[in-house]
Amino acid sequence: MCIHAQNVCMHINSTGETDADRSAVRELLGNIARAWNSGNATAYSSFFLPGAPYITFMGTVYLGAAEIQRTHAPLFTGFLKGTRMFVELMDITFPAPGVAIVVAKGDVAKKKPRKAPKVQSYTLIKTDLGWRVALFQNTARKPVYEHIGFFFTPEMKP
């Protein structure tokens, strides 16, 4: 069963997630964005597990909260200084107790982009500290390639 609310499809299943879990997942994503918006690499990285893979839209892989903090600190004082994180939730599922998978569209920019050009996935784990990111993947969309693929194989279209 799928319940649509605020453009987010939440799959309801029998894994034991609660309304509080769904709210906490949304709150976590908001906290991540606020930490980014403040340019605070320590706060930003605190939402990731110690060994969490963080895959950028360029394909760069950082492993763990410490490496995320170390690599984001110069970004927040350099060319990404003053940027804001924009996230549009697409889907939240709870495939197992204490596990959430989030799919979102997003970007970082100084002002809100017309369309979010990246698709992001988060695998979240419920810990004693609350929900934390176990894996983050950020993929730049290729609309021209999508269009060509859908033209030749319309069945591929979501």
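Here, the structure is the one placed above.
Note that the structure is a prediction, hence the values are computed from the model and not measured. (Residues numbered from 1 in each chain as written. Predicted model: local features only at pLDDT ≥ 70, side-chain atom pairs only at ≥ 80, totals over all residues. Heavy atoms only, no water.)

Undergrad: An account of the overall build of the protein chain is requested, with residue identities and associated values reported.
TA: Looking only at helices and strands, the protein chain features four helices and eight strands. In the protein chain, the succession of α and β elements from N to C terminus is β-β-α-α-β-β-α-β-β-β-β-α. Residues classed as buried in the protein chain amount to 36% of the 158 residues present. When contacts within the protein chain are restricted to residue pairs at least 6 apart in sequence, those whose partners lie at least 24 apart make up 45%. Surface exposure of the protein chain reaches about 9,400 Å², of which carbon and sulfur atoms provide 60%. (Helix = DSSP H or I, 4+ residues; strand = E, 2+ residues; numbered from the N terminus. Buried < 20%, exposed > 50% of the residue type's maximum accessible area, 1.4 Å probe, protein only. Contact = heavy atoms within 4.5 Å. Areas by Shrake-Rupley, 256 points an atom, 1.4 Å probe, with all protein chains shown as cover.)

Undergrad: Tell me about the pattern of salt bridges, and name the residues and values.
TA: Oppositely charged side chains are able to pair whenever their charged atoms sit close together. All chains considered together, the criterion is met by three salt bridges. Between Asp19 and Arg22 there is a salt bridge, with its nearest N and O atoms 2.3 Å apart. Separated by three residues within a single helix, Asp19 and Arg22 lie in helix 1 (residues 19–37), roughly one turn from each other. Using a relative accessible area of 54% as the deciding quantity, one classes Asp19 as exposed. The class of Arg22 is buried, set by a relative accessible area of 12%. Note that Lys126 and Asp21 form a salt bridge whose closest N and O atoms lie 2.7 Å from each other. (Salt bridge = Lys/Arg side-chain N within 4 Å of Asp/Glu carboxyl O.)

Undergrad: Run through helix 3 (residues 65–77), naming residues and quoting values.
TA: With 13 residues, helix 3 should cover 18 Å at 1.5 Å per step; its first-to-last C-alpha distance of 18 Å lies within 8% of that length. Considered for burial, the residues of helix 3 that qualify are Ala65, Ile68, Thr71, His72 and Phe76. (Expected span 1.5 Å × (residues − 1).)

Undergrad: Before we move on, could you go through the packing of aromatic side chains and cite the residues and values that matter?
TA: Per the stated rule, a full pass over the model turns up ten aromatic pairs. Positioned over the ring face of Phe57 is Lys118, at 4.5 Å from the centre of the ring. (Phe/Tyr/Trp six-rings, centres within 6.5 Å; stacked < 30°, edge-to-face > 60°. Lys NZ or Arg CZ within 6 Å of the ring centre and 35° of its normal.)

Undergrad: Which residues make up a nonpolar patch on the surface, and what values do they have?
TA: Judged by side-chain polarity, Val144, Tyr145, Ile148, Phe151 and Phe152 come together as a nonpolar surface patch covering roughly 640 Å² of accessible area. With respect to the helices, strands and loops of the structure, Val144 is situated in helix 4 (residues 143–152). On the basis of relative accessible area, Val144 is assigned to the exposed category, the value being 58%. (Patch = residues over 30% accessible without salt bridge, like charges linked within 9 Å, V, L, I, M, F, W, Y side chains within 5 Å.)

Undergrad: Quick rundown of the pairing of strand 5 (residues 84–96)? Include the residues and the values.
TA: Relative to strand 6 (residues 99–109), strand 5 runs antiparallel, the two being bridged by ten bridges. Paired with Asp91 across the strands is Val103, a residue of strand 6. The loop that links strand 5 with its antiparallel partner strand 6 comprises two residues; one of these, Gly98, has a positive phi angle of about 75 degrees. (Pairing = 2+ DSSP bridges.)

Undergrad: I'd love a proper account of the environment of Trp36, names of residues and values included.
TA: Mapped onto the fold, Trp36 is located in helix 1. The spacing of Trp36 and Gly82 is 46 residues in sequence and 9.2 Å in space, taken between C-alpha atoms. Residue contacts for Trp36: discarding those within four places in its chain leaves Tyr44, Tyr54, His72, Phe76, Leu80, Thr83, Arg84, Met85 and Val108.

Undergrad: Explain the nonpolar core to me, and be specific about the residues and the numbers.
TA: Note that soluble globular proteins tend to have their nonpolar side chains buried in a common cluster. Core analysis: the largest hydrophobic core is formed by 29 residues, its most contacted members being Ile32, Tyr44, Phe48 and Leu124. At the level of secondary structure, the elements contributing two or more residues to this core comprise helix 1, helix 2 (41–45), helix 3, strand 5, strand 6, strand 7 (118–127) and strand 8 (130–140). Per element, the largest residue contribution to this core is seven residues, and it comes from helix 1. Look past the residues within four positions of Phe48 in its chain and what remains in contact with it is Tyr54, Ala65, Ile68, Arg132, Val133 and Phe136. (Core = buried A, V, L, I, M, F, W, Y, C linked by side-chain atoms within 4.5 Å.)

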